[in-house]
Amino acid sequence: MRISTASCLCPFLVCLCFIQRCYGASHHVPAKVPSRNQTKLANGETEVHHRPKRGWIWNQFFVLEEHFGTEAQYVGKLHSNSDKGDGSVRYILDGEGAGTIFIIDEVTGDIHATKSLDREKKTHYVLHAQALDRHTEEALEPKSEFIIKVQDINDNAPKFPDGPFVATVPEMSEVGTSVLQVTATDADDPTYGNSARIVYSILQGQPYFSVDPKTGIIRTALANMDREAREHYTVVIQAKDMAGQVGGLSGSTTINITLTDINDNPPKFPQKNYQLYVPESAQVGKAVGKIKANDEDLGVNADIRYSIINSEGANMFSISTDRDTREGIISLKKPLNYERKKTYTLHIEGVNTHVDPRYSYLGSFKDTATLKITVGDVDEAPVFSLEHFIMDVYENAPSGTEVGGVTARDPDSRNSPVRYYLDSKEEGVRYFRIDEASGVIRTTQPLDREDMPWHNITVMASEVDNPSLLSHVPVTVQVLDVNDNPPEIATDEEVIVCESSRPGQVIQTVTAVDKDDFANGQRFSFALPSQLPVNPNFTLRDNEDSTASIIARRRRFNHLTQELYELPIVVWDGGEPSLSGTSTLTLRVCPCQRHGRVRMCQGEAFLSSAGLSTGALIAILLCIVILLAIVVLFITLRRSKKEPLIISEEDIRENVVTYDDEGGGEEDTEAFDIIALRNPAAAEELKFRRDVRPEARQHCVLPRSRRSPSSALFFFFHFFLFLFHFVALDHGSCIWKY
């Protein structure tokens, strides 16, 4: 089947070339290679199969887009070699758009497009064609696939999808500095013709900017563009297809370009000379005025640092920059005094803090101005000659004694008289007064250094003409010491004298105290009163180091004979004049035990409950418990025993007494009565011999006879007394005898 077209010449030529190639392929087959219609036999011969040749042509169809004619647009023709022109062949078409967009004439094979196509929506359609026998409906040709391609026309103008644009470029940029690149898009086919070939041009923004026609890069076209002269520019760029030829479609976009600031302008003071009035009462460290230099730049490029460049102004004033307002804040460094200096001249310089060296050729980025400050006269409070007065006065000085004086003056030119006062809120007004005209301070009563060595008062001064202006000054008064306190012994405790003290033994070392200060109270002398007779018991030795030692003069002190002694001691200080005092010490005689260096009186230690050890307390409690147990036992026995407690002779058993000593022969016969061993009743009449002492190691076995409860109670009572005596001896108590 042949495919023909009348829409354009190119498809027709393509079909002819394709038919010629197919026809040549059937006539130029190598001799030894069988074709597709031949079969090679066993003897080497070939058998030829005769069948109709296929007539399908595998080329594309083309159809123009955007066809708006009243008739259907002719696309092409399908034709089979089996078609003899008698209408026996029927052509059918299926695939994309078959029957809706594309229709085919079943007899002739002509294909038409019934609708207008848009290449930008769909570039091609894939369809299938088939030739059938109209009578038998048998396929004369197998189903074949072919493509109908929509041919582009220039129906889309270029567009800037991201516009409009905003761009910046530094001011004073060189010519050709790149600002921004814009890109337009064209929906037409870039592979067919010039429909999508775009050229850029500038419609607005000349002579400041230019655009590259191929790349769309916008560049500066004018040198030294100044932001301070003009900051914003509007540039319109056009994109035209068809390579910019006449008849091409175009689109445009807007670019808003802003010149960014650089530091190309120095600071400028609006005027060269300024004046400022400052009262002399202005406070140090406070702002007294402002000055400002203008800078046409922005941001950090307009930052200014101010300074005072002459010494006259820099010594009295300082200047700093307010970051928000970029003003120079002038502050006072030292107090002003109208009477000393009435005017000051300040040379102030303003300098940019961020200077770009590329633009140094534009000049120095600083400016200067002169500020004249006039000091105003103000009525001021009196000024004291000193910031702090220190005075002194001796203690015990009579009332009205002069302590010292303060002076103040009026700093103003009028030199008004000054009056002085004491601050009534302070405690010092009880001890001092001040002459309101002369400022002399006197005492109102005698002062005692030992009571208060320092006094702090505040003196106020005011002008007679203007009492509301007050000034204050602190005054410290030191009370000087005089030797007005006699010394005395430094101890209030009793001195312990042990009964075992020997003649010449140091009983105790004493020292003295004096309320006076270091100069008068550190050297002491000691002695016994000279008007009293010689003390036979104790004497005193001056150690010449402000201490003295009490020494025993005899031995064998006995607290039972005399427990307390009194010893008067006279003490002299080293002051001028020297003062003396007599102190009487009490000495107590006690039996002593040494615990390190501490002596304790035995009697006092025994009487103190804190002196008993834990073991002694346990022993005492144990005795009490035993005694209570005996009492309970006695009561129980009295209730349980009905028979009288009579000791019969039958119950008497032999008593055995065991000694560790050797026998004394006849002396033992005289020492003890044998009847005591045989008759227990006779034991009560037994008398101890005075010339024989039994040793402690003797052991006695008591008679094993029955004892009455009263006898047992008597025995345990003596046992309790023995334990208590043992505890008392353990704690150094007096000797018990029984």
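Residues numbered from 1 in each chain as written. Predicted model: local features only at pLDDT ≥ 70, side-chain atom pairs only at ≥ 80, totals over all residues. Heavy atoms only, no water.

### What about the overall build of the chain?
Move 1: Within the chain one finds eight helices and 45 strands.
Move 2: Taking all 738 residues of the chain together, the buried fraction comes to 34%.
Move 3: Put simply, 67% of the contacts in the chain that link residues at least 6 apart link residues at least 24 apart.
Move 4: In the form shown here, the chain has an accessible surface area of approximately 46,100 Å², with 53% of it arising from carbon and sulfur atoms. (Helix = DSSP H or I, 4+ residues; strand = E, 2+ residues; numbered from the N terminus. Buried < 20%, exposed > 50% of the residue type's maximum accessible area, 1.4 Å probe, protein only. Contact = heavy atoms within 4.5 Å. Areas by Shrake-Rupley, 256 points an atom, 1.4 Å probe, with all protein chains shown as cover.)

### So, the environment of Leu422
Move 1: Relative to the helices and strands, Leu422 is located in strand β29 (residues 418–422).
Move 2: For the pair Leu422 and Arg433, spaced 11 residues apart in sequence, the C-alpha separation works out to 7.2 Å.
Move 3: Other than its neighbours up to four places away in sequence, Leu422 contacts Val429, Phe432, Arg433, Ile434, Ile457, Thr458, Val459 and Met460.

### Some details on the sheet that holds strand β22 (residues 327–332)
Picture the strands of a sheet paired through backbone hydrogen bonds; they go either parallel or antiparallel.
Move 1: Spatial ordering of the open sheet is given by β19-β22-β21, a layout of three strands whose pairing is antiparallel. Strand pairing shows two members of the sheet lacking a second neighbour, β19 (287–292) and β21 (317–321), which therefore form its edges. For this sheet, the mean inter-axis angle between neighbouring strands, taken without regard to orientation, is 25°.
Move 2: Examined bridge by bridge, β19 and β22 share five bridges and lie antiparallel to one another. Residue pairing across strands places Gly289 opposite Ile330, the latter belonging to β22. (Pairing = 2+ DSSP bridges. Axes fitted to C-alpha atoms, helices over the stretch in contact; angles between N-to-C directions.)

### A short note on the packing of aromatic side chains
Move 1: What the rule picks out here adds up to 12 aromatic pairs.
Move 2: Here Phe209 and Tyr233 contribute two aromatic rings whose centre-to-centre distance is 5.6 Å and whose plane-to-plane angle is 75°, an arrangement assigned as edge-to-face. Placement of Phe209 in strand β14 (residues 209–211) and of Tyr233 in strand β16 (residues 232–240) is noted, with a sequence separation of 24 residues between them. The two residues Phe209 and Tyr233 agree in class, both being buried.
Move 3: Measuring from ring centre to ring centre gives 5.7 Å for Phe317 and Tyr344, while their planes differ by 80°; the resulting arrangement is edge-to-face. (Phe/Tyr/Trp six-rings, centres within 6.5 Å; stacked < 30°, edge-to-face > 60°.)

### Overview of the sheet that holds strand β17 (residues 250–260)
Move 1: Across the sheet, four strands lie side by side as β11-β17-β16-β13; this open sheet has mixed pairing. Each having just a single partner strand, β11 (165–170) and β13 (199–204) make up the two edges of the open sheet. In this sheet, adjacent strand axes meet at a mean angle of 35° when their direction is disregarded.
Move 2: Of the strand pairs in this sheet, β11 and β17 are connected by six bridges, and their pairing is parallel. Residue pairing across strands places Thr168 opposite Thr258, the latter belonging to β17.

### Topic: the confidence of the model for the chain
Move 1: The predicted model of the chain averages 78 in pLDDT, with 75% of residues at 70 or higher.
Move 2: Low pLDDT, under 50, characterises residues 645–707; the predicted model gives this stretch 24 contacts beyond four residues in sequence or across chains.
Move 3: The low-confidence segment residues 726–738, where pLDDT is below 50, has 20 contacts with residues more than four positions distant or belonging to other chains. (pLDDT = per-residue confidence, 0-100.)

### A few points about unusual backbone geometry
Peptide bonds are mostly trans, and most non-glycine residues show a negative phi.
Move 1: A cis amide bond links Gly163 to the next residue, Pro164, at an omega of -5°.
Move 2: Turning to its location among the elements, Pro164 is positioned in the loop between β10 (144–151) and β11.
Move 3: Cis geometry is found at the peptide bond from Gln206 to Pro207, where omega equals 5°.
Move 4: Even without being a glycine, Glu137 presents a positive backbone phi close to 60°.
Move 5: Positionally, Glu137 belongs in the loop between β9 (124–133) and β10.
Move 6: A relative accessible area of 42% means that Glu137 is categorised as partly exposed.
Move 7: We note that Glu544 has phi near 60°; this positive angle belongs to a residue other than glycine.
Move 8: For Glu544, the location among the structural elements is in the loop between β38 (538–542) and β39 (547–552).

### Here we look at the nonpolar core
Move 1: Phe317, Ile330, Leu346 and Ile348 are the most contacted members of the largest nonpolar core, which totals 24 residues.
Move 2: Elements represented by at least two residues in this core include exactly β18 (273–279), β19, β20 (304–308), β21, β22, β23 (343–352) and β24 (366–376).
Move 3: No other element matches the four residues that β24 contributes to this core.
Move 4: One finds Ala408, Leu422, Ile441 and Leu447 within the second-largest nonpolar core, a separate group that totals 23 residues. (Core = buried A, V, L, I, M, F, W, Y, C linked by side-chain atoms within 4.5 Å.)

### As for the side chain of Glu349
Move 1: With respect to the helices, strands and loops of the structure, Glu349 is situated in strand β23.
Move 2: With residues near it in sequence (within four places) discarded, Glu349 still touches Phe269, Arg305, Tyr306, Ser307, Ile309, Lys366, Asp367 and Thr368.

### Considering the pattern of salt bridges
Move 1: On inspection of all chains with the given rule, the structure shows 19 salt bridges.
Move 2: For the salt bridge of Asp481 with Arg449, the shortest nitrogen-to-oxygen distance reads 3.0 Å. Note that Asp481 is positioned in the loop between β33 (470–480) and β34 (488–489) and Arg449 in the loop between β31 (440–443) and β32 (454–463), a separation of 32 residues in sequence. No difference in accessibility class separates Asp481 from Arg449, as the two residues are buried.
Move 3: Within the structure, one salt-bridge network assembled from shared partners comprises Arg227, Glu228, Glu231 and Asp261. (Salt bridge = Lys/Arg side-chain N within 4 Å of Asp/Glu carboxyl O.)

### So, a nonpolar patch on the surface
Move 1: Taken together, the side chains of Leu621, Ile624 and Leu628 define a hydrophobic patch exposed on the protein surface, amounting to about 300 Å² of accessible area.
Move 2: Tracing the sequence through the fold places Ile624 in helix α5 (residues 614–640). (Patch = residues over 30% accessible without salt bridge, like charges linked within 9 Å, V, L, I, M, F, W, Y side chains within 5 Å.)

### Quick word on the environment of Phe557
Move 1: Locating Phe557 in the fold gives a position in the loop between β39 and β40 (564–573).
Move 2: Overall, the relative accessible area of 2% leaves Phe557 in the buried class.
Move 3: Once residues within four sequence positions are removed from consideration, Phe557 is found in contact with Val497, Cys498, Glu499, Ser501, Asn537, Phe538, Ala552, Tyr565 and Val589.

### Digging into the side chain of Ser331
Move 1: Position of Ser331 relative to the elements: it lies in strand β22.
Move 2: Residue class for Ser331 comes out buried when judged on its relative accessible area of 13%.
Move 3: What Ser331 contacts, discounting residues up to four positions off in sequence, is Gly285, Lys286, Ala287, Val288, Met316, Phe317 and Ser318.

### Some points on the environment of Glu395
Move 1: With respect to the helices and strands, Glu395 occurs in the loop between β26 (389–394) and β27 (402–405).
Move 2: Sequence separation between Glu395 and Asp481 is 86 residues; the distance between their C-alpha atoms is 5.9 Å.
Move 3: Beyond its immediate stretch of four places on either side in the chain, Glu395 contacts Leu447, Asp448, Arg449, Glu450, Val479, Leu480, Asp481, Val482, Asp484 and Asp516.
Move 4: Within polar-contact distance, the side chain of Glu395 engages the backbone nitrogen of Arg449 at 2.8 Å. (Polar contact = N/O pair within 3.5 Å; in protein donor to acceptor, adjacent residues only side chain to side chain.)

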